[in-house]
Amino acid sequence: MRRGVRLGVDAGSVRIGIARSDPAGILASPLETVRNGKGDIERIAWLVAENEAVEVIVGLPTSLSGREGPAAGEARRFASRIARRLGAETVRLFDERLTTVTAESGLRQSGVHGQARRKVVDQAAAAVLLQAALDAERLTGRPPGEIVRGDT
C-alpha cells in the first residue's frame, strides 16, 4: 500500500464533496463541500496543498452495467481540469457506482435528516468513494482506477 494522504472528490452539478484519507491510506473521512463553479478547482488545489495530499481520486459515475453516460463525460472533463492544475500522475478516476446511495443510507441510519443531510451527503459520498479506492488498492496491491493525464 502506498503511503500518503489522498483526497476523494465526488463532483456533482451543484456541489462537490471532498474527503481525505489518513497518511497510511487506511481510512477515509468527510472533509468539505465545495460549490461547483468559479473557484472550485483552485479550492481543491488548496485542499491538496493544505492536506499534503499525494493523489486525488475523482468519482467516475457509470451505470450498473458499467456503461458511461453524459455524467461520466462531465466527470472525465472535471478530473482533467484538476490534473492540468495539479500536474501529471496526481489524479485518478475511480468507479463511483452507488456511492451517494450508500452515503444517504448511512446518514439516515445515523439519524441525520433533512437539511442537515443535504449539507453533508456530498462529503459522505466522497468518503465512500475514497474508502472503496483505498480498499481496492489494499486488496490488489495496485493503484486504483485510471490515471488522468489532463490533456482531455
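Residues numbered from 1 in each chain as written. Predicted model: local features only at pLDDT ≥ 70, side-chain atom pairs only at ≥ 80, totals over all residues. Heavy atoms only, no water.

Per an unreviewed UniProt entry, the protein chain is named Putative pre-16S rRNA nuclease, and its organism is Actinoallomurus bryophytorum. Under Sequence similarities (unreviewed entry), UniProt gives the following word-for-word description of the protein chain: "Belongs to the YqgF HJR family." Taken from UniProt, the Function (unreviewed entry) comment for the protein chain reads in full: "Could be a nuclease involved in processing of the 5'-end of pre-16S rRNA." (UniProt positions renumbered as here; feature names shortened; annotations may be inferred.)

Of the voids in this model, the largest pocket is the one considered here, and its volume is about 340 Å³. Lining the largest pocket are 17 residues, and of these Ala-11, Gly-12, Ser-13, Arg-15 and Asn-36 sit closest to its centre. Mapped by element, the contributors of at least two residues to the lining of the largest pocket are strand 1 (6-11) and helix 2 (70-86). If one sorts the elements of the lining of the largest pocket by residue count, helix 2 sits on top with six residues. Here the lining of the largest pocket is composed, by residue class, of six nonpolar, four polar and seven charged. (1 Å grid on protein atoms, 1.4 Å probe; cavity = no way out; pocket = protein on both sides within 12 Å on 5 of 7 lines; lining within 4 Å. Points joined across faces, edges and corners; volume = space filled by probe spheres on them. Helix = DSSP H or I, 4+ residues; strand = E, 2+ residues; numbered from the N terminus. Nonpolar A, V, L, I, M, F, W, Y, C, P; charged D, E, K, R; others polar.)

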